[in-house]
Each structure stands twice: as C-alpha cells, then as structure tokens.
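Listed below are the residues making up each chain.
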Amino acid sequence: QVQLVESGGGLVQPGGSLRLSCAASGTIARINAMGWYRQAPGKQRELVARITNGDSPNYVDSVKGRFTISRDNAKNTVYLRMNSLKPEDTAVYYCNLNSGWPGTDYWGQGTQVTVSS
C-alpha cells in the first residue's frame, strides 16, 4: 500500500505564501509523476502542478509564475511553493502520485488552503 501524507496548508492573507509538502511511503513501484490538484467548493478537482520523470513541470495557467513544484526523489516527497496567493486559490489541495505500469493513482487526504483577509 502507498500512503501520502500532506502538510503545510492553512489560512493566509492575499499576497502571502505557503509551502505544501507531501511525503509518500509504503511499497512504491516506479514513480511516474507526482503532483498537486485542488478542489474549490462547488467546482471540479483540477490539476495545479505536476512533475514527471525528466520532463519540465507543468502548471495550470492560473498559477504560472506564482507556484513552483519540486520533488525530492530520495525522500519520495513533492513540494508546492505558493507565492502571491489570491482568494481564488482557496481550495482543498490534494497530493497525487502515479506509479507502476500502466500507472496507478494514489491520493492524499487533502489539506485546506484558505486565502482571506
């Protein structure tokens, strides 16, 4: 089994910053990609940022230039640095790991990010 444990969410004022972390543990086949999704109330879950093996990270347009995803392969951990946060970034953020062939998705429990003054 694969477990994903997220941390780093919270309440922040507009323009502020947060860093999310997600550590994977358990029996993990080859990791194909790790990333972050988010779901705001009344909206569908959307991809925020994703990092694969050897490729450049990709981001949803709304966070480009503000968010940075990074990965520590030795620790099986993925990070999301979020700067210049906006109220529209408010959502539950979920960590995702895709591993093995043809690829199995695993999800974290979610961490709340609230941007409000």
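Please refer to the structure placed before this passage.
Conventions used here
- Residues numbered from 1 in each chain as written.
- Predicted model: local features only at pLDDT ≥ 70, side-chain atom pairs only at ≥ 80, totals over all residues.
- Heavy atoms only, no water.
- Core = buried A, V, L, I, M, F, W, Y, C linked by side-chain atoms within 4.5 Å.
- Buried < 20%, exposed > 50% of the residue type's maximum accessible area, 1.4 Å probe, protein only.
- Helix = DSSP H or I, 4+ residues; strand = E, 2+ residues; numbered from the N terminus.
- Contact = heavy atoms within 4.5 Å.
- Pairing = 2+ DSSP bridges.
- Axes fitted to C-alpha atoms, helices over the stretch in contact; angles between N-to-C directions.
- Lys, Arg positive; Asp, Glu negative; His and termini not counted.
- Salt bridge = Lys/Arg side-chain N within 4 Å of Asp/Glu carboxyl O.
- Polar contact = N/O pair within 3.5 Å; in protein donor to acceptor, adjacent residues only side chain to side chain.

Enquirer: So what exactly am I meant to see when it comes to the nonpolar core here?
Expert: A general trend in soluble globular proteins is that nonpolar side chains are found buried together. Ranked by internal contacts, the top residues of the largest apolar core, which has 27 residues, are W36, V48, F67, V78, L80, M82 and Y93. Mapped onto this core, the elements with two or more residues apiece are β1 (2-7), β3 (18-26), β4 (31-39), β5 (46-52), β7 (67-72), β8 (77-82), β9 (91-99) and β11 (111-115). The contacts of F67, once residues within four sequence positions are left out, are R38, V48, Y59, L80, R81, M82, N83, L85, D89 and Y93.

Enquirer: Looking at this model, I keep getting lost on the environment of G100. Mind explaining?
Expert: Inspection of the secondary structure assignment puts G100 in the loop between β9 and β10 (104-107). With 73 residues separating them along the chain, G100 and T27 place their C-alpha atoms 11 Å apart.

Enquirer: Even after reading the chapter, I still don't get the sheet that holds β7, so can you show me in this structure?
Expert: Backbone hydrogen bonds are what pair the strands of a sheet, in a parallel or an antiparallel way. Spatial ordering of the open sheet is given by β1-β3-β8-β7, a layout of 4 strands whose pairing is antiparallel. The outermost strands of the open sheet, each flanked by one partner alone, are β1 and β7. Averaged over all neighbouring strand pairs, the angle between strand axes comes to 15 degrees, with direction disregarded. Note that β1 and β3 share 6 bridges and pair antiparallel.

Enquirer: Got a minute to help me understand the environment of L47 in this structure?
Expert: Among the structural elements, L47 can be located in strand β5. With near-sequence residues (within four places) excluded, L47 lies in contact with W36, Y37, N58 and V60.

Enquirer: Can you help me understand the side chain of E6 in this one?
Expert: Counting through the fold element by element, E6 comes out in strand β1. For the buried E6, which has no salt bridge, the nearest side chain bearing the opposite charge is R45, at an N-O separation of 7.9 Å. At 2.5 Å, the side chain of E6 forms a polar contact with the backbone nitrogen of C95. Here the side chain of E6 touches G110 through a polar contact of 2.5 Å, landing on its backbone nitrogen. In contact with E6, other than residues within four places in its own chain, are S21, C22, W36, Y93, Y94, C95, G108, Q109, G110 and T111.

Enquirer: Please clarify how the environment of W101 should be interpreted in this entry.
Expert: Here W101 is to be found in the loop between β9 and β10. Each C-alpha atom, one on W101 and one on G42, is 33 Å from the other, the two residues being 59 residues apart in sequence.

Enquirer: So what exactly am I meant to see when it comes to the pairing of β11 here?
Expert: Side-chain positions along a regular strand alternate between the two faces of the sheet. Only one face of β11 is covered, namely the face carrying T111, V113 and V115; the face carrying Q112 and T114 is uncovered. The pairing of strand β2 (residues 10-12) with β11 spans 3 bridges and is parallel. By the bridge assignment, L11 is partnered in β11 with T114. As paired elements, β9 and β11 share 3 bridges and run antiparallel to each other. Bridged to Y93 within β11 is T111.

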